[in-house]
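Examination of the molecular architecture
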Amino acid sequence: PNAILVAPSLLAADFGRLDEELASIEAAGADWVHLDVMDGHFVPNLSFGAPVIKALRPRTKLVFDVHLMIAPVDPFLDMFAEAGAEHIHLHVEAGPNTHRSLQAVRALGIKPGIAINPATPAEMIAPVLDLVDMILVMTVNPGFGGQKFLRSQLNKIRTLRRMADETGRPIRIGVDGGIDPETAGLCTEAGADVLVAGTSVFGLPDRAAAIRSLRGGAVA
Ligand code: DX5
Ligand code: ZN
């Protein structure tokens, strides 16, 4: 199986000191940084967009894992490519042309991921599995940090792990929302190999210890 990767979500960082916050997780051993983009339409909240991501790009070597909670996505893909996104996750619920959007992400030289909301069944992404490098399973309803992990998503993670393995390609499965050392263990046991965590990393003063305990909770 793939190594377990930790991707702290900048949504829980101090927005007044983003460069220091980035440096702290890079020094603490984070693998990627997860960047949550919200449009107040697909989700009931706003966060930050491509200009902020572009400004942060030269500040760190961390891989930029961009989670687009926006609809439509297509008009903005170029902008996020130019801003330095290395992965782009778009939602299967975000529009009728998910297949085309994922192809467009790949054509920009970015790794495509498909994100899936708690109420959406695993089967919804079967038709686009051949286009993605990663599946991002939402373990809360997207829009806010600090929500409670939804255990009901564990079976979906298992189903998606099977579906991903059947492709014969190394597709990663990320989990996003309410991930702490305990829920990290449940998710990795079910087949997840990327842990996105906001509150349980940025909420603690010692980020290295926070990331270590996420990995420690994980079942490799
Ligand atoms: C929720 C975002 C998450 C969020 C997770 O819409 O996609 O990435 O930052 O925050 P925590 O880890 O606090 O649940
Ligand atoms: Zn996210």
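As recorded in an unreviewed UniProt entry, the protein chain goes by Ribulose-phosphate 3-epimerase and comes from Endosaccharibacter trunci. The UniProt entry for the protein chain carries the following comment under Sequence similarities (unreviewed entry): "Belongs to the ribulose-phosphate 3-epimerase family." The heading Catalytic activity (unreviewed entry) in the UniProt record of the protein chain holds the text "D-ribulose 5-phosphate = D-xylulose 5-phosphate".

Focus on the nonpolar core
In summary, soluble globular proteins display a tendency toward joint burial of nonpolar side chains. Grouped together as the largest cluster of nonpolar side chains are 67 residues, with contacts concentrated most on Val33, Ile53, Val66, Ile135, Val137, Ile157 and Leu195. The element that contributes the greatest number of residues to this core is strand β6 (residues 134–138), accounting for 5 residues. Sequence-distant contacts of Val33, that is, excluding residues within four places in its chain, are made with Ala7, Pro8, Leu10, Leu22, Ile25, Thr60, Leu62, Phe64 and Asp65.

A look at the site of ligand 1
Surrounding ligand 1, one finds 21 residues, the nearest of these being Ser9, Pro142, Gly145, Gly198 and Thr199. For the shell around ligand 1, the secondary structure elements donating two or more residues are β2 (32–38), β8 (194–197) and α7 (199–202).

As for the pairing of strand β5 (residues 111–116)
Here β5 lies mainly inside the structure; 5 of its 6 residues are buried. By the bridge criterion, 5 bridges tie strand β4 (residues 87–91) to β5 in an arrangement that is parallel. Each bridged residue has a counterpart across the sheet, and for His91 the counterpart in β5 is Ala115. Crossover connection from β4 via helix α4 (residues 98–107) to parallel β5: handedness right-handed. Pairing geometry for β5 and β6, over 4 bridges, is parallel.

Criteria and cut-off values
- Throughout this description, residue numbers start from 1 for each chain and increase along the sequence as written.
- Naming scheme: in the order in which they are written, chains are lettered from A and ligands are numbered from 1.
- Reporting in this predicted model follows two pLDDT cut-offs: at least 70 for local features of residues, and 80 or more for side-chain atom pairs to be given and counted; totals over whole chains, interfaces and linings ignore these cut-offs and use all residues.
- UniProt positions are given in the numbering used here, feature names are shortened, and annotations may be inferred rather than shown by experiment.
- Residues enter a nonpolar core if they are buried, belong to Ala, Val, Leu, Ile, Met, Phe, Trp, Tyr or Cys, and are joined to the set through C-beta atoms within 7 Å.
- For every residue, the other C-beta atoms within 10 Å of its own C-beta are counted; 20 or more classify it as buried, 12 or fewer as exposed, and values in between as partly exposed. C-beta atoms are placed from the backbone.
- Counting from the N terminus, the helices are DSSP H or I runs at least four residues long and the strands are E runs at least two residues long.
- Two residues qualify as being in contact provided that their C-beta atoms, derived from the backbone, are within 7 Å of each other.
- Each residue gets a C-beta atom placed from its backbone. If that atom is within 6 Å of a molecule or strand, the residue is near it.
- Two strands make a pair as long as DSSP finds a minimum of two bridges between them.
- With its strands directed away from the observer, a crossover is right-handed exactly when the path from the first strand over the helix to the second travels clockwise.

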